[in-house]
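These are the residues of each chain, in order.
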Amino acid sequence: MRISVLGAGAWGTALAIQAAKAGHEVQLWGRDAAAIERMCSSRRNTAYLPDSELPPALGLTHDFARALRHADGGLAIIATPMSGLRGTLAALPETQRVLWLCKGFEAGTGRLGHEIARELRPGMRVGVLSGPSFAQEVAAGRPTALVAASDDADLARAAVDAFHGERLRVYTSADPVGVEVGGAVKNVMAIAVGVCDGLSGSAPDAPGLNARAALITRGLAEMLRLGLALGARTETFMGLSGLGDLVLTATGDLSRNRRVGLMLAQGLALQRILQQLGHVAEGVYSAPTVLARARAAGVEMPITEAMVALLEGRLLAAQAVDVLMGREARAE
């Protein structure tokens with residue numbers, strides 16, 4: 001299969017490595033010509049995955065037109081941040097089969113990926129590839145399971161053909177709405193769990209493992225409520241892109257969103273945190289949009305609301321926990 005991966009960050013590079021190792025004809029495109037030249041000479045993406053060697057068969061290009069020609073009749077995988085999805089989709093022909101990896105709601109419009117595609121390219125065959133996955137582990141060939149979700153069953157199956165292997169399992173789903181809501185909201189919940197863990201042990205009555213379990217569980221409930229309001233299926237949130245991705249992102253040491261929460265608990269300013277990270281933490285940008293979509297749908301999301309207040313500087317980390325614990329008792 002001919003595959004063009006559009007975006008040479010960590011996740012795009014990791015999937016390109018695995019697809020090339022599986023014997024597909026893969027082109028990895030990046031907009032930074034100098035970075036692509038360095039990758040060509042070193043056969044490594046030193047900026048994002050310095051420990052992973054690029055297979056000899058993996059092609060590299062900074063020529064977008066060339067990458068599009070390569071994907072014609074095959075698959076285009078959009079591996080940009082959420083902010084780049086609209087522009088990349090708009091640049092693709094409507095006949096192109098497309099999957100995206102980005103997770104979140106679009107800033108400004110509040111749209112999910114499938115909503116952006118429906119607006120720009122209503123006839124395009126599109127879907128999302130998501131699930132609990134850190135790029136470093138995928139690139140290293142560690143066992144990982146993903147889900148390919150699309151209204152087009154043949155496209156979801158093409159994702160299986162492209163990426164499924166001994167160490168990378170790909171399941172299919174007909175619920176792209178649920179898969180995208182799970183991928184977006186879990187980033188916000190990971191910040192909350194990071195805050196909780198960062199405060200753990202700071203005082204005798206500080207939050208601990210009990211609080212972490214409660215946050216993950218109630219975070220899943222918030223995710224489910226919003227998903228159902230937007231047309232998702234309940235069972236999707238018990239799967240890889242729901243519970244699975246939430247647990248990984250909320251507890252895994254490689255999670256950037258979790259690290260944001262940990263540093264917020266230390267009292268660091270958000271701008272300083274983002275400078276230290278050096279990479280995108282989608283939950284920071286998604287949180288206000290998640291809350292706006294929830295309010296528009298009449299969905300209550302108290303954890304998300306507390307995280308937005310914390311990120312905007314209206315609450316301190318310990319105050320956010322107090323706000324959540326001080327809520328009225330209610331039926332679960």
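Placed above this text is the structure.
Below you will find a few notes about this structure. Since we're looking at a predicted model, the values are computed, not measured. (Residues numbered from 1 in each chain as written. Predicted model: local features only at pLDDT ≥ 70, side-chain atom pairs only at ≥ 80, totals over all residues. Heavy atoms only, no water.)

## Regarding the environment of Thr-251
To keep things clear, this is the line we draw: Only DSSP runs of H or I covering at least 4 residues are called helices, and only runs of E covering at least 2 are called strands; the numbering of each starts at the N terminus. Only protein chains enter the accessibility calculation, which uses a 1.4 Å probe; a residue whose area is less than 20% of its type maximum is buried, one above 50% is exposed, and one in between is partly exposed. Note on definitions: a residue-residue contact is assigned when non-hydrogen atoms from the two residues lie within 4.5 Å. Pairs of N or O atoms are called polar contacts if they sit within 3.5 Å, as long as, within protein, a hydrogen donor faces a hydrogen acceptor (for residues adjacent in sequence, only side-chain-to-side-chain pairs).
For Thr-251, the position within the fold is in helix α10 (residues 240–251). The class for Thr-251 is partly exposed, based on a relative accessible area of 27%. Measuring from C-alpha to C-alpha, the distance between Thr-251 and Ala-71 comes to 36 Å, with 180 residues separating the pair along the chain. Beyond its immediate chain neighbours, meaning those up to four positions away, Thr-251 contacts Arg-212, Ile-216 and Arg-258. At a separation of 2.6 Å, a polar atom in the side chain of Thr-251 contacts the main-chain carbonyl oxygen of Val-247.

## Here's the deal with the pattern of salt bridges
Defined as follows: Any Lys or Arg side-chain nitrogen found within 4 Å of a carboxyl oxygen on Asp or Glu counts as a salt bridge.
Summed over all chains, the structure comprises 12 salt bridges. Here Arg-212 makes a salt bridge to Asp-197, at a shortest N to O gap of 2.9 Å. With Arg-212 in helix α9 (residues 209–229) and Asp-197 in helix α8 (residues 176–199), this residue pair connects regions lying 15 residues apart in the sequence. For the salt bridge of Glu-305 with Arg-295, the shortest nitrogen-to-oxygen distance reads 3.3 Å. Of the two residues, Glu-305 is situated in helix α14 (residues 302–311) and Arg-295 in helix α13 (residues 282–296); the sequence distance between them amounts to 10 residues. On the accessibility criterion, Glu-305 (40% relative accessible area) is partly exposed.

## Examining the environment of Gly-231
If you trace the backbone, Gly-231 turns up in the loop between α9 and α10. When the C-alpha positions of Gly-231 and Ser-4 are compared, they lie 31 Å apart, and in sequence the two are 227 residues distant.

## Notes on the side chain of Ser-255
Structurally, the position occupied by Ser-255 is in the loop between α10 and α11 (256–265). A polar contact of 3.5 Å, which involves the side chain of Ser-255, links it to the backbone nitrogen of Asn-257. A distance of 3.1 Å separates the side chain of Ser-255 from the backbone nitrogen of Arg-258, its partner in a polar contact. With near-sequence residues (within four places) excluded, Ser-255 lies in contact with Phe-134, Ala-190 and Thr-249.

## So, the nonpolar core
Rules: Buried Ala, Val, Leu, Ile, Met, Phe, Trp, Tyr and Cys residues form a nonpolar core when they are joined through side-chain atoms within 4.5 Å.
Residues Val-181, Val-185, Leu-226, Val-260, Leu-264, Met-301 and Met-307 are the most contacted members of the largest nonpolar core, which totals 51 residues. The set of elements that each furnish at least two residues to this core consists of α8, α9, α10, α11, α12 (270–277), α13, α14 and α15 (317–325). The element contributing the most residues to this core is α8, with 13 residues. Every residue in contact with Val-185, bar those within four places of it in the chain, is listed here: Met-223, Leu-226, Val-290 and Met-301. Ala-16, Leu-49, Ala-148 and Val-170 belong to the second largest nonpolar core, which has 38 residues in total.

## Observations concerning the packing of α8 against α10
To keep things clear, this is the line we draw: Axis definition: a line fit to C-alpha positions, over the contact stretch in the case of helices; interaxial angles, taken between N-to-C directions, run 0 to 180 degrees. In this scheme, roughly parallel covers angles under 35 degrees and roughly antiparallel covers those over 145, while 65 to 115 is roughly perpendicular and the rest are oblique. It is the rotation of the near helix from the far one that decides the hand of a crossing: anticlockwise by less than a right angle makes it left-handed, clockwise makes it right-handed.
Where α8 meets α10, the closest approach of the two axes is 8 Å, and the angle between their N-to-C directions is 30 degrees. By the angle class used here, α8 and α10 are roughly parallel. The handedness of the crossing between α8 and α10 comes out as right-handed. Contacts from Val-179, Gly-182, Gly-183, Lys-186, Asn-187, Met-189, Ala-190 and Val-193 in α8 reach Ser-241, Asp-245, Leu-246, Thr-249 and Ala-250 in α10.

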